[in-house]
Each structure stands twice: as C-alpha cells, then as structure tokens.
Amino acid sequence: MKRVTPDVLVAYASKHGSTEKIARWIGKEIRGNVDVLDVEQISNLNYDYVILGTPIYEHKPLPSMSQFVEQNSGQLENKAKSVFVVASDNELRSKREQNIQAFTKIIPGEINQTAVFAGEVDEQELSNQEQHSVNSYLNSISKPVGSYTKLNEKKCREFGKSLNRFL
Ligand SMILES: Cc1cc2nc3c(=O)[nH]c(=O)nc-3n(C[C@H](O)[C@H](O)[C@H](O)COP(=O)(O)O)c2cc1C
C-alpha cells in the first residue's frame, strides 16, 4: 500500500565524506519524511523504504556498513530498498558491476534499484597506507594517481528522484 507520506531512511557509511554528501543529495529528492543517517547513528528501522550507500575501499564496502547489514539482516530482508556504492570511478562497466556486486552480495532480499557513483580523494586527508592503497588501485585501472573529485550532484539527485516511483 502506498503511504501518503512515506518514512524513508538514507543510511550511509563514509570515511572521508563523499558518500555522506551523495546520501544528502539523494535525500533531498525523496518525497516523504526523510532521515539521512550514518549507519552508526541508526537506532531503529521503522521506515517504509531504505536506501543504503557505502564507498568501496579495497574492493569491499566499509566495515561499518557490512556490520550494519549483518546485524539487521532479518529486518532488511523484507524491507523495500535500493542501494548505491561510491567508487573511484564509474566509467568502466566491468568495474561498475564488480563494485556494486561487492555490496549487493551481502544484502538480503530484493533490491529495487542500484547505482554506482564516482567519488573523490583528497590525498592530504589520507594516511600513507591509504595513499598507497588508492594509488595502486588507480594504477590497476589505468587512471592517474593523486587527488581528484568526480562527484556529480546532478546524477546523484536524478537517482534520488528515480526512487520516488517505489514509494
Ligand atoms: C584507501 C582507499 C582505498 C580505495 N579502494 C578502492 C577500491 O578498491 N575500489 C574503488 O573503486 N575505489 C576505491 N577507493 C576510492 C573510494 O571509493 C572513493 O574515494 C570514495 O569517494 C570514498 O568515499 P568516502 O569519501 O565516503 O569515504 C579507495 C579510496 C581510498 C582512500
């Protein structure tokens, strides 16, 4: 049954802030009562619809998101939901698929919609170990190393808008 004013949760994990920005852009386009929360702040899943978003680090979702999904798998399984991932790049189809699968494979139940967004890296914020890790990933996909921002607010908002048909 469609609710007049659905309760919607955008649940994100973010280490350096880009996934949080994207979650907030998506949240702005969703109709209803929308909470945009870090998974570490979520106390209940009393929502009609849930959108889950995580960056990919070393080919995996952030541990805080994986833990959240595992701890709430019973409730998430039957929840109407969509997911998105944030990665260094979203140009290559094979990489997009790899990145989204790294997340969807841990999510129980049906998923309405998925998206992959390109994120950002500010080398000055990274530890030496993180710099090494991201640069070796960028090398492996033949992309220039170093800081970049590929955030695309319009695309993120369009994804948010497109989810209104599920509410
Ligand atoms: C240490 C590190 C490792 C990363 N590993 C990957 C990776 O394996 N695959 C990928 O597509 N992007 C990788 N990235 C890129 C991030 O997914 C991207 O920078 C994202 O915007 C970070 O999200 P956040 O700002 O919300 O933490 C990595 C970034 C860092 C800093």
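Up top is the structure.
Note that the structure is a prediction, hence the values are computed from the model and not measured. Each chain carries its own residue numbering, running from 1 in the written order of its sequence. Thresholds applied to this predicted model are a pLDDT of at least 70 for local features of residues and 80 or more for the giving and counting of side-chain atom pairs; totals over whole chains, interfaces and linings are not thresholded and use all residues.

Undergrad: Got a sec to walk through the site of the ligand? Specific residues and values, please.
TA: Around the ligand lies a shell of 23 residues, among which Ser18, Thr19, Pro55, Ala87 and Gly119 are the nearest. Here a strand is any run of E in DSSP of at least two residues, a helix any run of H or I of at least four, and the numbering for each starts at the N terminus. Put simply, the parts of the chain that give the shell around the ligand at least two residues each are α1 (18-29), β3 (49-57), β5 (81-87), β7 (120-121) and α5 (128-140). The element that contributes the greatest number of residues to the shell around the ligand is α5, accounting for 4 residues. By the convention adopted, Pro, Cys, Tyr, Trp, Phe, Met, Ile, Leu, Val and Ala count as nonpolar, Lys, Arg, Asp and Glu as charged, and the other residues, Gly among them, as polar. Taken together, the residues of the shell around the ligand sort by class into 9 nonpolar, 10 polar and 4 charged. Using a C-beta atom placed from the backbone, a residue is described as near a molecule or strand when that atom lies within 6 Å of it.

Undergrad: Describe α1, listing the residues and the values that go with them.
TA: By this rule, a helix spans an expected 1.5 Å times one less than how many residues it contains. If you check α1, its first and last C-alpha atoms are 18 Å apart, about what 12 residues at 1.5 Å a residue would give, namely 16 Å. Residue burial is a threshold on neighbouring C-beta atoms within 10 Å of the residue's own C-beta, all placed from the backbone, with 20 or more meaning buried, 12 or fewer meaning exposed, and counts in between meaning partly exposed. When we look at burial in α1, the residues that qualify are Ser18, Thr19, Glu20, Ile22, Ala23, Trp25 and Ile26.

Undergrad: Go over helix α4 (residues 93-104) with me, naming the residues and quoting the values.
TA: Compared with an ideal rise of 1.5 Å per residue, which puts 12 residues at 16 Å, α4 spans 16 Å between its outermost C-alpha atoms and is within 8% of the ideal. Taken together, the buried positions of α4 are Asn99, Ile100 and Phe103. For α4, the angular spread of buried residues about the axis comes to 90 degrees, placing them on one side. More than 90 degrees from the buried face of α4, the exposed residues found are Ser94 and Gln101. Looking at the buried side of α4, the elements it contacts are β3, β4 (60-61), β5 and β6 (114-118). What the arc describes is the spread of directions from the helix axis to the C-beta atoms. Contact criterion: two residues are in contact if their C-beta atoms, reconstructed from the backbone, are within 7 Å.

Keep in mind these numbers describe shape, not what the thing actually does.
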